[in-house]
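# Coordinate analysis (summary)
Given next are the chains, with one letter for each unit.
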Amino acid sequence: MTTFEQLGLSKKVLSAVERMGYKQPTPVQEKAIPLVLKGRDIIAAAQTGTGKTAAFSLPSMDKLGHAKGGSGPLMLVVTPTRELAQQIGEVASEIAVSTHHRIVTVVGGLSYKPQIDRLSRGCDILIATPGRLIDLMDQKAVRLADVQVLVLDEADRMLDMGFLPSVKKIVAATPKSRQTLLFSATIDKSIQDITGKMLRDPATVEIARKGDVAETVDHYVIRVPQSVKPALLKALLKEKGFFRVIVFARTRSRADSSCRRLRREGYKVAAIHSDRSQNQRKRALDQFANGELNIITATDVLARGIDVDEVDYVINYDVPEQPEDYIHRIGRTGRAGAKGLAITFVTPETEPQLRDIEKLIKKTIPEMELGSFDLAAAEAEAAANAINGQARRDPEVNKVKRELANRAQKAKQKSQETPAPRRRKKKGVANGTQKPSMGSGRKQKQNQKQRSAKQQAKGDFRPGRARRAEVQRSRNRRK
Ligand code: AMP
């Protein structure tokens, strides 16, 4: 059994390893760490969850010096998504408690100013997403001439996401003498062809070959018509539990609508996709990690590299379009040796995609029976909902609804404008000057008495007859 000490790491980095709670190196760490310490370029095909972040961070940071004043970075890590950048930043910060490196992370979706300020103060390690890094290079806010170690993380994904021109530009801005470490969950010939020129006599570290799936994950398919998926999802959560579940959907709007539906059912759920701000995504992941949220509905933005411990299981609400994404999605569960579960909903339309996945992983994914799920009832409910929905969308039905609503509105207005029905005038009651509700003569007298009592209390009481006599007396005096 190999230990971290045997891999050649220094005491200060070994103390970081101990603090991080790693007892034994993972296979990719065992192979990569000695090579990186020797200064070799490497091309590593290791699937997500294998400990590859520490595999490049521990040895690189062990050898890395410290940049002077406002210079640096000496090490540059380029990764496709903001979440991965943040996650690498967290691992590097943990190691830096021992090595005292200054780390800056720059990602899209956040304001430029604080990132530019931090860069101007200099740094030892820069972790960046390609688009933002190119922007900052164009603004001359960063220079890469001091880079000694370049890490290209999730290289295949960066190329898939159309980052090849940016990656080439970034690589070209670093010195040729640099050490290059290329990590990718899946590596095929096209990647090797494209990135081959960026590496010098690379050592290949192959832990998982293309198409390998995490051995610790049990995976199944459930065949359903599209319309029944919401009901199936509910039944599945009820039967299998809902603590730390990720539901993958094909599009942002499908992730959002699943999220809304589950929220209406009372689940603690949030959606993560590229339309959510960086802060929203980070908050959701933090809440998911600390148990405030139980379910995340996501697009493939989340499929790669996001490290949330103990994801109970993954549901592929939609079959992924790229077969490789299946491996990444199910890699979210069963991490670092824990047992995981992945369940994929397959409609007749997505059978061909399932066949591509099975071809890639070289195995037939078994079918799962869900005892509690009544397909016939769910189909009947879906049909009723569809009819309702159709009725809602039908222009004729909507026209009639609008007319009825207008009519009701007009009737309401009319009733508000019409004065209250006239009451029969009572003798001595001047319409509009005295409340018509005075009622009988006896009541009038009572009211008069009450008014007089009030006036008396205020001190301006003048009984009618006495007042008239007074007026007469003053007239007589004037005469
Ligand atoms: P990564 O492949 O870098 O995303 O790492 C996946 C997970 O494995 C992270 O939660 C790490 O903290 C964890 N991990 C990395 N190396 C080790 C190790 N040697 N022992 C136990 N866990 C590890």
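Figured I'd write up the structure that's included with this text. (Residues numbered from 1 in each chain as written. Predicted model: local features only at pLDDT ≥ 70, side-chain atom pairs only at ≥ 80, totals over all residues. Heavy atoms only, no water.)

### What to know about the pattern of salt bridges
- Under the defined criterion, the tally for this structure stands at 19 salt bridges.
- Of the charged contacts, one joins E83 and R281 as a salt bridge, the two residues approaching to 2.7 Å between their closest N and O atoms. Of this pair, E83 sits in helix 4 (residues 82-99) while R281 sits in helix 12 (residues 278-289); the two residues are 198 residues apart in sequence, bridging distant segments of the chain. Note on accessibility: E83 and R281 belong to one class, buried.
- Its salt-bridge partner being D138, residue K169 comes within 3.2 Å of it at the nearest N-O pair. Taken together, the residues K169 in helix 8 (residues 164-172) and D138 in helix 6 (residues 130-138) connect sequence positions 31 residues apart.
- Among the ionic contacts, a cluster of salt bridges with common partners joins K52, D153 and E154. (Salt bridge = Lys/Arg side-chain N within 4 Å of Asp/Glu carboxyl O. Helix = DSSP H or I, 4+ residues; strand = E, 2+ residues; numbered from the N terminus. Buried < 20%, exposed > 50% of the residue type's maximum accessible area, 1.4 Å probe, protein only.)

### Considerations on the packing of aromatic side chains
- Taken as a whole, this structure holds four aromatic pairs when the rule is applied.
- Considering the side-chain rings of F242 and Y267, the 5.0 Å spacing of their centres and the 75° angle between planes classify their relative orientation as edge-to-face. Of this pair, F242 sits in the loop between helix 10 (229-240) and strand 9 (245-248) while Y267 sits in the loop between helix 11 (252-264) and strand 10 (269-272), and the two are 25 residues apart along the sequence.
- Pairing Y317 with F345 gives two aromatic rings, centres 5.9 Å apart and planes at 50°, and the pair type is tilted. Separated by 28 residues along the polypeptide, Y317 in the loop between strand 12 (313-316) and helix 13 (323-330) and F345 in strand 13 (residues 340-346) bring together distant segments of the chain. In this structure, Y317 and F345 share a single accessibility class: buried. (Phe/Tyr/Trp six-rings, centres within 6.5 Å; stacked < 30°, edge-to-face > 60°.)

### Re empty space enclosed by the protein
- Under the defined criterion, the tally for this structure stands at one cavity of 30 Å³ or more.
- Estimated volume of the largest cavity: approximately 40 Å³.
- Every residue lining the largest cavity is listed: P230, L233, K234, R261, L262 and E265.
- Elements supplying a minimum of two residues to the lining of the largest cavity: helix 10 and helix 11.
- Of all the elements, helix 10 adds the most residues to the lining of the largest cavity, at three residues.
- Partitioned by chemical class, the residues of the lining of the largest cavity number three nonpolar, no polar and three charged. (1 Å grid on protein atoms, 1.4 Å probe; cavity = no way out; pocket = protein on both sides within 12 Å on 5 of 7 lines; lining within 4 Å. Points joined across faces, edges and corners; volume = space filled by probe spheres on them. Nonpolar A, V, L, I, M, F, W, Y, C, P; charged D, E, K, R; others polar.)

### Considering helix 10
- Compared with an ideal rise of 1.5 Å per residue, which puts 12 residues at 16 Å, helix 10 spans 16 Å between its outermost C-alpha atoms and is within 8% of the ideal.
- Three or more residues of helix 10 are buried, namely K229, L232, L233, A235, L236 and L237.
- The inward-facing, buried residues of helix 10 contact strand 8 (217-223), strand 9, helix 11, strand 11 (295-298), strand 12 and strand 13.
- Directly beyond the C-terminal end of helix 10, a positive phi value near 90° is found at G241. (Expected span 1.5 Å × (residues − 1). Contact = heavy atoms within 4.5 Å.)

### What about the sheet that holds strand 7 (residues 203-206)?
- Strand order in the open sheet made by the seven strands is 3-4-2-5-6-1-7, with parallel pairing throughout. Only two strands of the sheet have a single neighbouring strand rather than two, namely strand 3 (103-106) and strand 7. Pairwise comparison of adjacent strand axes, ignoring direction, gives a mean angle of 15° for this sheet.
- As defined by bridge partners, strand 5 (residues 149-152) adjoins strand 6 (residues 179-184) across four bridges and the pair is classed as parallel. Along strand 6, the bridge assignment pairs L152 with L182.
- With respect to the sheet, helix 4 is in contact with strand 2 (75-78), strand 3 and strand 4 (125-128), its orientation differing from that of strand 3 by roughly 175°.
- Here helix 5 (residues 112-120) sits on the sheet and contacts strand 3 and strand 4; the angle it forms with strand 3, its principal contact strand, is near 150°. (Pairing = 2+ DSSP bridges. Axes fitted to C-alpha atoms, helices over the stretch in contact; angles between N-to-C directions.)

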